[in-house]
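This is what each chain is made of:
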Amino acid sequence: MTVDHAVLTGQEYADSSRLSARIAIYAWQRPRVDLVRLALDRLGGVDGPVLDVGWGAGGYTRALRAARPEVWVIPVDLASGLAPEVVGEVDRLPFADGRAGATLAMHMFYYATDVRAAVRELRRVLRPGGRFLASTNGRADKPEWADLRAAALRDLGVADPPPYPKVDERFTLEDGAELVREVFGACTVVERRSELVVPDAEPVLAYLHSTRGQHAHALPTGLTWADYLAAAERRIRADIDGTGAFRLTAHTGILLAAA
């Protein structure tokens, strides 16, 4: 699928509220996967500046500044509503060649206009020996969202639901690792698998509603987002009533390379 940057900056990331709703659901993750800690553990001894590209809600920048206050960390994001220190797109960064000690691109490459160019751009700004970290999801991450959408649309009378619009398929752990190896020559993959077991409908609905900018436009003609959300809510509550929780199977990780 393609990415509409006007939707990203004007709706999805006009502020951090929708991103926060998506992050919040991980309170029910089993076992807990701390990607921030995994990243920090692999940045030990690194010299700045560190570019946190696609800084989102700012968790990586805040944690690195707290752990390594002597390191200059520069948060970068395309969405000015997220209040980065530098507004810029990942495939056209406003930094000179070979200046950064490390680059972080955490769950964001799939939003790039040109993913291959974006990986090359982070390679460009790294000094020799500089560290590259990128996180993303595996191809099989959270298939339950697609199942829920298909079931909800069938409940609404759609006999043959269209494919689920999955933005992260543009840069998965599997495909991303191959691309990073092509650009850097080598790539280490740190994978983590978990399950989200959510006993209440509200966090699930908040997550689902936070994706409306990405998904509402792909609904079949004649259906509104409110129609879809109501049908999905009935399915979510039925799952919780029947099994005690709504469950999502997660596969995520970090790609590591050096310039």
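These numbers come from a predicted model, not from an experiment.

Rules used throughout
Residues numbered from 1 in each chain as written. Predicted model: local features only at pLDDT ≥ 70, side-chain atom pairs only at ≥ 80, totals over all residues. Heavy atoms only, no water. Buried < 20%, exposed > 50% of the residue type's maximum accessible area, 1.4 Å probe, protein only. Helix = DSSP H or I, 4+ residues; strand = E, 2+ residues; numbered from the N terminus. Pairing = 2+ DSSP bridges. Right-handed = clockwise from strand over helix to strand, strands pointing away. Core = buried A, V, L, I, M, F, W, Y, C linked by side-chain atoms within 4.5 Å. Expected span 1.5 Å × (residues − 1). Contact = heavy atoms within 4.5 Å. Phe/Tyr/Trp six-rings, centres within 6.5 Å; stacked < 30°, edge-to-face > 60°.

### A closer look at the pairing of strand E2 (residues 50-53)
Point 1. Taking every second residue as pointing to the same face, both faces of E2 are buried, with Val-50 and Asp-52 on one and Leu-51 and Val-53 on the other.
Point 2. Two elements, E2 and strand E3 (residues 73-77), share 4 bridges in a ladder whose sense is parallel. Counterpart to Val-53 in the pairing with E3 is Val-76.
Point 3. A crossover connection joins E2 to the parallel E3 through helix H4 (residues 59-67); in handedness this β-α-β unit is right-handed.
Point 4. As paired elements, E2 and strand E5 (residues 100-106) share 3 bridges and run parallel to each other. Residue Asp-52 lies in a different strand from E5, and its bridge partner there is Leu-104.

### Looking at the nonpolar core
A general trend in soluble globular proteins is that nonpolar side chains are found buried together.
Point 1. By size, the foremost hydrophobic cluster in this structure holds 38 residues, and its most contacted members are Phe-109, Phe-132, Phe-171 and Val-180.
Point 2. Of all elements in the fold, only E2, E3, E5, helix H5 (115-125), strand E6 (126-137), helix H7 (173-184) and strand E8 (246-258) reach the threshold of two or more residues within this core.
Point 3. If you tally residues by element for this core, the top one is H7, at 6 residues.
Point 4. Core analysis: the second largest hydrophobic core is formed by 24 residues, Ile-25, Tyr-207, Leu-229 and Ala-250 among them.

### Some thoughts on helix H6 (residues 144-155)
Point 1. Taking 1.5 Å per residue, 12 residues should reach 16 Å; H6 reaches 16 Å between its end C-alpha atoms and fits that length.
Point 2. Turning to H6, its buried residues number three or more, namely Glu-144, Trp-145, Leu-148, Arg-149, Ala-150, Ala-151, Ala-152 and Leu-153.
Point 3. Turning to H6, the residues buried within the fold contact helix H8 (201-210), helix H10 (225-243) and E8.
Point 4. Remark: Gly-157 follows H6 within two positions and exhibits a positive phi of approximately 95°.

### Comments concerning the packing of aromatic side chains
Point 1. Here the structure, examined in full by the defined rule, presents 8 aromatic pairs.
Point 2. Seen in terms of ring centroids, Tyr-110 and Tyr-111 are 5.0 Å apart; in terms of plane orientation they differ by 75°. Their pairing is edge-to-face.
Point 3. On the numbers, 5.2 Å between centres and 55° between planes, the contact of Trp-225 with Tyr-228 is tilted. On the criterion of helical spacing, the pair formed by Trp-225 and Tyr-228 is a turn pair, its members being 3 residues apart in helix H10.
Point 4. In this structure an aromatic cluster arises from ring pairing among Phe-109, Phe-132, Phe-171 and Phe-184.

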